[in-house]
Amino acid sequence: MVPPAGFTVAKEFAGLQGDKASVLVIEFPAAMYDQLAGAISSGAMAKQGVDITASEDLNGLPFRARTYRGKQVAKGTEFNKWLMLVDGGSTLSLINVSAEKDGAALTDAEVREMFGSVRLAAAPASDPIEALPFSVTPAARFAHRQTIGGMGVVLMSAKPSPENAGKPVVIITRSFEQPMPKAQWSKDLETFLKSVNALKIDKMDEPKPVKVGDLEGLEVTAIGTSDGEPRKILLTMLFGPKNGYALIAMAQPELFEDAAGDFRSTVGSFRLKP
């Protein structure tokens, strides 16, 4: 992909950073193109303050693609918004372009030219973790790595599928966008757990202090459900100088203990990049 002049590789997410503008590349499980296209068109992004005003198929590319135009209001700032959904067959990507309405001009023509330059590599050019704002060394069992929104990652033994549901998984995601006072950490942990719609906690141990690399935080073991299925969960919440990260290790209860060592070694390898 060839971006407009002035964009450089971002340090805190998978994508590009410009003057009051960004290009975020998000990966999704393959074979979800029609589902995502329909969801975006029907207003699924309204929860993020995104109002889609137009959409069209983008023809002339060696893959199926659809573009969307809209606007977004976030934290009191209005953004112009462009999206491109790319169906690569074995891969599915969403290119999310945002530009402050009152910032440096980024025109429709420039974005369309950038979208038209998108090409897919035959295989990933590198480990997807390399583009994230942190590093982590997954245990060998976590061979499948899928990024989340350019700021997180899911580590599994294989691609998500019904038959793999309940197998050991580690999810690493940014939980807070600002530093949190230490006296508030326990409350922050509870708030985060309540915000994760896919998790329902039935029983939780008392949080314990933990240190991973240079970061301090809390660790808690819990029993609950994920999408209605029983899970045992190890949650590590780390609090950095600018934001916080949640590291969620979970599995079916009968599979958890066998994976516990791999969970801890993977979580223990987490480091923020400079």
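Further up the page is the structure itself.
Keep in mind that what you see is a predicted model, and the values were worked out from it rather than measured.

How would you sum up the packing of aromatic side chains? Please name residues and give values.
This structure, assessed with the given rule, holds seven aromatic pairs. Arranged with centres 5.0 Å apart and planes meeting at 35°, the rings of Phe134 and Phe270 form a pair that is tilted. Pair noted here: Phe134 is in strand β8 (residues 134-135) and Phe270 is in the loop between α4 (253-268) and β17 (271-272), with a separation of 136 residues, a long-range link. According to the relative accessible area criterion, Phe270 is buried, its value standing at 1%. Seen from their ring centres, Trp185 and Phe239 are 4.4 Å apart, and the 5° between their planes marks the pair as stacked.

I'd like a rundown of the pattern of salt bridges, residues and numbers included.
Scanning the model with the defined rule gives twelve salt bridges in all. The partner of Glu56 in a salt bridge is Arg112, and the shortest N-O contact between them spans 2.5 Å. One end of the pair, Glu56, is in strand β4 (residues 50-57); the other, Arg112, is in helix α2 (residues 108-116), and 56 residues separate them in sequence. The partly exposed category is assigned to Glu56, whose relative accessible area is 35%. By relative accessible area, Arg112 is classed as partly exposed at 43%. Where Arg66 meets Asp57, a salt bridge forms, and the shortest distance between an N and an O atom there is 2.7 Å. Of the residues examined, Asp57 reaches a relative accessible area of 47% and is grouped as partly exposed. A single network of salt bridges, built from pairs that share partners, joins Asp34, Arg64 and Asp87.

Give me the pairing of strand β15 (residues 229-239): which residues, what numbers.
With nine of eleven residues buried, β15 lies mostly within the body of the structure. The pairing of strand β14 (residues 215-226) with β15 spans eleven bridges and is classified as antiparallel. Within β15, the position partnered with Thr221 by the bridge is Leu234. Connecting β14 to the next strand, β15, in antiparallel fashion are two residues, including Asp227 with a positive phi near 50°. Sheet analysis places β15 next to strand β16 (residues 244-251), joined by eight bridges and oriented antiparallel. Bridge assignment links Leu234 to a residue of β16, and that residue is Ala249. Counted between consecutive antiparallel strands, the loop separating β15 from β16 contains four residues.

What counts and how
Residues numbered from 1 in each chain as written. Predicted model: local features only at pLDDT ≥ 70, side-chain atom pairs only at ≥ 80, totals over all residues. Heavy atoms only, no water. Phe/Tyr/Trp six-rings, centres within 6.5 Å; stacked < 30°, edge-to-face > 60°. Helix = DSSP H or I, 4+ residues; strand = E, 2+ residues; numbered from the N terminus. Buried < 20%, exposed > 50% of the residue type's maximum accessible area, 1.4 Å probe, protein only. Salt bridge = Lys/Arg side-chain N within 4 Å of Asp/Glu carboxyl O. Pairing = 2+ DSSP bridges.

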